[in-house]
Every structure is written in structure tokens, then in C-alpha cells.
Amino acid sequence: MSKFKQHSVLPGFNLALGFTLLYLSLIVLIPLSAAFIRTSALTWPEFWNVVTTPRVVASYRLTFGASFAAAAVNAVFGLLVAWVLVRYRFPGKKLVDALVDLPFALPTAVAGIALTALYAGNGWIGQFFEPLAVKIAFTPLGIFVALTFIGLPFVVRTVQPVLEDIESELEEAAATLGANRAQTFSRIIFPTLFPALTTGFALAFARAIGEYGSVIFIAGNMPLVSEITPLLIITKLEQYDYAGATALAVVMLVISFVMLLIINLLQWWSRRRSVLT
């Protein structure tokens with residue numbers, strides 16, 4: 001045993017753990033538990049009737065479906081953007097790198113108004129789809145566009161540092177051993193990036209589920225067609241139906257937790273497999 005005591009600039013374990021649990025309780029656990037407590041005012045039949053109406057079920061389907069699709073698209077193109085920013089040099093690279101963070105800094109309401117103006121039938125982009133009878137704004141497709149916009153930075157910023165740490169010697173060694181580019185990417189680079197990529201996907205997915213500001217302007221908010229669950233929650237709050245609003249929030253919370261748990265288990269399996277191999 002070492003004779004020298006290890007010192008840290010942070011307080012001791014017990015004190016640091018106490019502050020951590022207190023902070024998490026105040027910020028996360030207490031607000032979430034309040035939603036469950038408020039929902040408990042409903043009986044089980046009342047709760048089931050609130051969360052399973054056709055209008056609510058349609059909003060679940062749209063919210064989670066569009067969020068998953070947007071996160072999946074961002075996983076592909078976010079990886080591509082990160083690859084270009086890390087592996088290539090070109091004029092305006094710093095500007096492109098800064099633009100990736102724009103959805104972080106831009107207020108969601110501003111993003112929603114801007115996207116609506118762009119993708120409306122007479123917008124700069126929407127006017128090209130109008131003759132093809134493809135309507136983007138005020139449809140579920142518009143919701144998908146908005147969720148893709150706000151989720152891209154999560155994937156890029158999660159994958160980018162991992163990609164920067166991958167040594168080029170690994171690719172050179174693979175090429176020396178006769179591997180082509182596809183084999184090098186699929187067997188060397190992608191397994192290393194996969195945990196970070198799934199983390200970025202999970203963050204983008206979680207962000208999209210709770211998005212409100214940028215969606216309500218471009219969605220159209222038509223019941224059973226283009227109405228998201230967060231909008232229904234706000235509607236119930238405006239009607240002073242607090243128990244109904246928290247009931248919808250609890251359902252979203254449980255579904256989100258299960259899906260994120262599955263993604264985290266997939267990350268754990270991927271890391272364990274990479275260590276064993």
C-alpha cells in the first residue's frame with residue numbers, strides 16, 4: 001500500500017456524491033416524480049381513457065415515428081458531415097464547422113418560422129416541390145424536416161472527437177494488408193465510431209421527442225394528421241386539465257426511457273464486443 005495519500009481538487013467522495021444526488025434530485029428526480037404524483041389523481045380507467053384516445057394515439061405515432069426517422073437520417077448524414085470536417089481541408093471549413101452549431105443557438109420559434117417560410121408552397125424551396133404535388137410545410141413531412149434540423153448537431157459533435165482520435169496508421173496498416181476502402185471503413189473505422197454514433201442518435205432522438213417551438217409553426221397542427229404530443233400537453237394545460245397533461249407526459253416519459261434504455265444496452269453490447277475482439 002502506498003504511504004502517500006492521494007489528494008484531489010474536488011471534495012471527498014461522500015461529500016461529492018451527496019452534492020451530486022442533491023443536484024440530480026432537484027433538477028431531475030423531483031420534477032419527474034411530480035408528474036407521476038399528479039397523474040395518480042386519476043383512476044386507472046380515467047388514465048387509460050386519457051392516453052388512448054384516437055387523437056392521442058395518432059400524436060404518439062407521429063411524435064415517436066418522426067423523431068426516430070429524423071434521428072436515423074441524422075446518424076447517416078451527421079457521420080458524413082463529421083467525416084468531411086475531420087478528414088478534409090477546404091475553403092470555409094471553419095464557417096461550415098460553426099454552422100453545425102446553429103440549431104443550438106437559434107431559438108426554436110425562429111427556426112420554425114424560418115423553415116415554414118422556406119418549405120411553404122411559395123417558399124424558396126417549397127416552390128420547387130409544389131408542381132410535383134409534394135407538400136412539405138403543414139404536413140408530417142414538415143415535422144420530419146424540423147426535427148432533422150434541430151438534431152443534426154448532436155450526432156456531429158458526438159462523432160467528431162472520436163473520429164479525430166482515430167489514428168491514420170490503422171488505415172494505412174489495413175491498406176498494406178490488402179484491405180480496400182470499404183473493408184477498412186466497415187471493419188476498422190465503423191466499429192470504433194459505432195458507440196459514439198449510437199450516443200449521437202440517442203441524443204438526437206431524445207431532443208426530437210420533446211421539441212415544440214420549431215414544430216408547431218411548420219406542422220399545421222391538424223388533429224389525427226400533423227399534431228404532436230407536446231402540443232396536446234400544452235392544450236390540456238391551457239384548459240387547466242393538469243392531470244390529463246401529466247398523464248400524457250408520463251406516457252411519453254416511460255416510452256422515451258424504454259427506448260433510450262434499449263439504445264444504451266446496444267452501446268454497452270457494442271463496447272463489450274469491441275473489447276473482447
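Since the model is a prediction, treat every value here as computed from it, not as a measurement. (Residues numbered from 1 in each chain as written. Predicted model: local features only at pLDDT ≥ 70, side-chain atom pairs only at ≥ 80, totals over all residues. Heavy atoms only, no water.)

## Description of unusual backbone geometry
What you tend to see is this: most non-glycine residues have negative phi, and most peptide bonds are trans.
So, step 1. Even without a glycine there, the phi angle at Leu224 is positive, about 70 degrees.
So, step 2. On the secondary structure map, Leu224 appears in the loop between α11 (213-219) and α12 (229-238).
So, step 3. Using a relative accessible area of 55% as the deciding quantity, one classes Leu224 as exposed.
So, step 4. Positive phi, normally seen in glycine, also occurs at Tyr240, with a value near 60 degrees.
So, step 5. Tracing the sequence through the fold places Tyr240 in the loop between α12 and α13 (242-276). (Helix = DSSP H or I, 4+ residues; strand = E, 2+ residues; numbered from the N terminus. Buried < 20%, exposed > 50% of the residue type's maximum accessible area, 1.4 Å probe, protein only.)

## Some words on the environment of Ala179
So, step 1. With respect to the helices and strands, the residue Ala179 is situated in the loop between α9 (168-176) and α10 (181-209).
So, step 2. Looking at Ala179, the relative accessible area reads 24%, which means it is partly exposed.
So, step 3. Along the chain, Ala179 and Gly210 lie 31 residues apart, while their C-alpha atoms are 43 Å from each other.
So, step 4. Discounting chain neighbours no more than four positions away, the residues touching Ala179 are Ala174 and Thr184. (Contact = heavy atoms within 4.5 Å.)

## Focus: the pattern of salt bridges
So, step 1. Within this structure, the stated rule accounts for five salt bridges.
So, step 2. The salt bridge involving Arg55 is made with Glu227; its shortest N-O contact spans 2.6 Å. One end of the pair, Arg55, is in helix α3 (residues 54-87); the other, Glu227, is in the loop between α11 and α12, with 172 residues separating them in the sequence.
So, step 3. Its relative accessible area of 37% is what places Arg55 among the partly exposed residues.
So, step 4. When its relative accessible area of 5% is taken as the criterion, Glu227 is described as buried.
So, step 5. Ionic pairing is found between Asp101 and Arg157, a salt bridge with its closest N-O pair at 2.9 Å. (Salt bridge = Lys/Arg side-chain N within 4 Å of Asp/Glu carboxyl O.)

## Notes on the side chain of Thr184
So, step 1. On the secondary structure map, Thr184 appears in helix α10.
So, step 2. In terms of polar contacts, Thr184 uses its side chain to reach the backbone carbonyl oxygen of Asn180, at 2.9 Å.
So, step 3. Thr184 has contacts with Glu171, Ala174, Ala179 and Ile189, leaving out every residue within four places of it along the chain. (Polar contact = N/O pair within 3.5 Å; in protein donor to acceptor, adjacent residues only side chain to side chain.)

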